[in-house]
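What follows is the residue order along each chain.
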Amino acid sequence: MRILFLLAVTLLLVAIACGSDTTATQPATQPTEVPTSTVTAPPTSAVTAPSALIAGATDATPTTEAPIVITAPALTEERFLEDAVLQRLGPEPPTLDPHITVSGESALYVVEIYGGLVTIDRNLRVVPDLAKDWEISNGGMTYTFFLREDAKFHDGKPVTAHDFKWSLERAADPNTLSPVVDVYLGDIEGFKAKIEGRSDTMPAIRVVDDHTLSITIDAPKVFFLSKLTYPTAFVLDRENVEGNDSWFNEPNGTGPFKLAEYAPGEILRLERNEFYHLEVPKLAGVDFSLGGGDSLLMFENDEIHVTGVGLINLASILDPANPLSKNVIQAPPGFDVSYFGMNSNEPPFDDVKVRQALNYAVDKATLSSVLLEDLVVPANGILPPALPGFTPDIQGYKFNPEKARQLLSESKYGDNLEDFPRVVLTLPGSFGASVGPVIEAIVQMWRVNLDIEIEILQTEWAIFLKDLHQERFQMFGGLSWSADYPDPENFLDGLFHSESSNNNTKYSNLEVDALLEQARVEQDQDLRFETYHRVEQMIMDDAPWVPLWHGNGGYALLSPEVRDYYLFPMTVPRFRYAYIVEE
């Protein structure tokens, strides 16, 4: 689960200053999507996703279909500069511990420093990482992974199956306090006993020998491999971690880059891992400036190599007469959705008609076209249009203030709106800071169309995340959910099953739960997607969210000497592909 801090304001950047390359803003957000003082809209447009994106497609050979990535054109057989360091802005990471990572800001760095058994490649397919191969047996419930003999930690120490068993059990340990481990590792047999503290080990994770690891899950699930690409399944060096409370400041990972320096609020510096098993990166390193600044001015002064383009500058930069126009690249549609969440157990959101009324009262089409200049697509449902399994047939909430007022009057609070329960909308951000024109406009729509006053409370990003996972909010927003892997399960099951730790609205529908559990074990892809279509419509009818929009692609500026800098629709390792040539 990668939540993005996307507070709406006039600045809308491609997520390059953060982590997912689908939307970015500038103060800081999540899976790069640095939290910023701007609500950005994740890019996603109706682009047909290649079949290779579907969870379970694990063939490591290159796909014949074009990947959904954008990059600056590279010349053939160019000689790259071996000592070149990519310079860019970056978000402040809430944590660098992969097992408790939940945000894009952290994920941006974590996926470069660490690794797991499998990863997602630039064609967005699940492919081998530290495991060179695997076998699936026992009716689809046992996965046997064969580790690479050349797999090493950053210090040169070999990676073994024992390291993976310890790491997975650490992630599932209740003392680790991972907010989302149940979502990604909960399919493993014995997980519940481990997370509840009733068992010290997970026998279903078995070391066969130093280079062979066996994992048995509770039922055959085609998306299980995809879940292992999430940081909760990354391997750690036990000697580096145990007895060292600040180990994550000097982590001994396995990823393409090592953490060379981290000064909070100033800089985070990555340097090339010469032991990297999937091909040593061409860049000597990547420097992330954490102090913020005028990114456009910094780009023009050659202080950074890449930056997103804000709405305020977009028209002028796209003008062919502007010299910067030749440096523009466009981001692909993102696998994400921006939304408001409502706690369905707390008044007034314990009445479905109130939740539906708030949906009908928001004119998303006007906001998208006028304030966000069509860089977003109004969300008719939950799943992004580019995601495998998307259907355009979901019946959502088109702007209808009359219908909104009717529903509110029919609710159990409709007889006495003067005593309507107090509503507090909590947003990530600094106390007293501007929430931006988009959220201001939405709050005004609720005031005008429903005569509901919404109070706004802002909390710092790290605190916001903690409170969000502890379900402390009556209503929350300023967020976008970005896919961890391209499958509907990552949205619908992970966010709306009543027992999911990512279900922050306390939404509960037993029929929805049953259908989600049915889809988990369905092996026929068409039938699985049909089930998800039913589930999505049921969730929309119950309205625990006010879905806002999906990103429609944004723009970035990239220095001409940078090659193979890919912009992905989700957070995946990408700096190992990039290189810099002499201009």
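What counts and how
- Residues numbered from 1 in each chain as written.
- Predicted model: local features only at pLDDT ≥ 70, side-chain atom pairs only at ≥ 80, totals over all residues.
- Heavy atoms only, no water.
- Buried < 20%, exposed > 50% of the residue type's maximum accessible area, 1.4 Å probe, protein only.
- Helix = DSSP H or I, 4+ residues; strand = E, 2+ residues; numbered from the N terminus.
- Contact = heavy atoms within 4.5 Å.
- Polar contact = N/O pair within 3.5 Å; in protein donor to acceptor, adjacent residues only side chain to side chain.
- Pairing = 2+ DSSP bridges.
- Phe/Tyr/Trp six-rings, centres within 6.5 Å; stacked < 30°, edge-to-face > 60°.
- 1 Å grid on protein atoms, 1.4 Å probe; cavity = no way out; pocket = protein on both sides within 12 Å on 5 of 7 lines; lining within 4 Å.
- Points joined across faces, edges and corners; volume = space filled by probe spheres on them.
- Nonpolar A, V, L, I, M, F, W, Y, C, P; charged D, E, K, R; others polar.

With reference to specific residues and values, describe helix α9 (residues 352–360).
Most of α9 sits out of view: 7 of its 9 residues are buried. Restricting attention to buried positions, one finds in α9 the residues Val354, Arg355, Gln356, Ala357, Leu358, Asn359 and Tyr360. For α9, the secondary structure elements touched by its buried residues are β14 (336–342), α11 (401–410), α12 (437–450), β18 (475–482), α16 (525–542) and β19 (545–551). Capping of α9 at its N-terminal end is provided by Asp351; its side-chain oxygen lies 2.8 Å from the backbone amide nitrogen of Lys353.

Residue-level account of the pairing of strand β11 (residues 285–289), with values.
Burial within β11 is extensive, with 4 of its 5 residues counted as buried. Where strand β2 (residues 85–89) meets β11, 5 bridges bridge the pair, whose relative direction is parallel. Paired with Arg88 across the two strands is Phe288, which belongs to β11. Across 5 bridges, strand β10 (residues 267–272) lies against β11 in antiparallel orientation.

Could you give an account of the packing of aromatic side chains, with specific residues and numbers?
Per the counting criterion, the structure on display carries 21 aromatic pairs. Between Tyr339 and Trp545, the aromatic rings sit 3.7 Å apart at their centres with planes inclined by 5°, giving stacked as the arrangement. Of the two residues, Tyr339 sits in strand β14 while Trp545 sits in strand β19, which places them 206 residues apart along the sequence. For Trp545, a relative accessible area of 5% puts it in the buried group.

Could you give an account of empty space enclosed by the protein, with specific residues and numbers?
A full pass over the atoms with the stated rule returns 6 cavities of 30 Å³ or more. Of the voids in this model, the largest cavity is the one considered here, and its volume is about 150 Å³. Lining the largest cavity are 20 residues, with Val111, Thr119, Thr229, Phe234 and Pro573 sitting closest to its centre. Here the lining of the largest cavity gets 3 residues from one element, more than from any other, and that element is strand β3 (residues 118–120). Within the lining of the largest cavity, the residues separate by chemical class into 9 nonpolar, 8 polar and 3 charged.

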